[in-house]
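This is what each chain is made of:
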Amino acid sequence: MDGMANDAGTGEVRNDGPIRLLAIRDTPLSVDEVFAAMGDDAAGGTALFVGTVRNHDNGPAAVTGLGYSAHPSAAAELRRVAEKVVADFPVLALAAAHRVGELAVGDLAVVVAVGCAHRGEAFEACRRLIDDLKREVPIWKHQAFADGSQEWVGV
């Protein structure tokens, strides 16, 4: 794949045409890193979504922390999702990073961004990117609650 750097251990990709950054990593995520990967003078609109660990879910007990686990195919599935968004929208730049491992309330869990010529396209493409990532990339969440209970989500 010409113009791309790929770390086989993490599935991390940098600068492959409009796909500028794809990463699944066990280190803290950075909004600045994702936004910096988006630079394109033709992009009039960049939509960015940041998902954080919240202190609650659907039950009565507070969330105290969580862990994300990724299937070995997760990096390839993230690539497939990104390529589909690029094929379906006029994307000039796209970046996505998802965290795995143990996270605390307030930590960044996922950061995605899409740049297009116009804001409407950027919003739509970014929405599709995060929705498809959450639905199709095999990354599972294990939540711990203040009452001592635990729950797997997405398994």
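Conventions and cut-offs
Along each chain, residues carry numbers from 1 onward, in the same order as the chain's sequence is written. Residue-level local features of this predicted model are given only where pLDDT is at least 70; pairs of side-chain atoms are given and counted only at 80 or more, and the full residue set underlies all totals for whole chains, interfaces and linings. The side-chain numbers reported here are obtained from all heavy atoms of the structure, hydrogens and water having been left aside. Going along the chain from the N terminus, every DSSP run of H or I of four or more residues is numbered as a helix, and every run of E of two or more is numbered as a strand. As a reference, a globule follows 2.2 Å times the number of residues to the power 0.38, and the radius of gyration itself is taken over C-alpha atoms. For every residue, the accessible area obtained with a 1.4 Å probe (protein chains only) is divided by the maximum for its type, and the residue is called buried under 20%, exposed over 50%, and partly exposed between those limits. Remark: nonpolar core denotes a set of buried residues (Ala, Val, Leu, Ile, Met, Phe, Trp, Tyr, Cys) joined through side-chain atoms within 4.5 Å. Any two residues whose heavy atoms approach within 4.5 Å at even a single point are treated as in contact.

Under an unreviewed UniProt entry, the name given to the chain is Molybdopterin synthase catalytic subunit 1, and the source organism is Streptantibioticus silvisoli.

S.K.: Give me the lowdown on the overall build of the chain, citing residues and values where you can.
M.R.: The helix and strand inventory of the chain stands at 3 helices and 10 strands. Moving toward the C terminus, one meets the helices and strands of the chain in the order β-β-β-α-β-β-α-β-β-β-α-β-β. The C-alpha radius of gyration of the chain comes to 16 Å, within 12% of the 15 Å expected for a compact globule of 155 residues. Counting over 155 residues, the chain shows a buried share of 43%.

S.K.: How would you summarise the nonpolar core if you had to cite specific residues and measurements?
M.R.: A general feature of soluble globular proteins is that nonpolar side chains tend to end up buried together. Leu22, Val91, Leu94, Val112, Val114 and Leu129 are the most contacted members of the largest nonpolar core, which totals 32 residues. Looking at this core, the elements with two or more residues in it are β3 (19-25), β5 (63-70), α2 (74-88), β6 (91-99), β8 (108-116) and α3 (119-136). No other element matches α3, which puts 6 residues into this core. Ignoring anything within four residues of it in the chain, the contact list for Val114 reads Met38, Gly45, Thr46, Ala47, Val91, Ala93, Leu94, Ala122, Ala125, Cys126 and Leu129. Ranked by size, the runner-up nonpolar core spans 11 residues in total, among them Ala23, Leu29, Met38 and Ala95.

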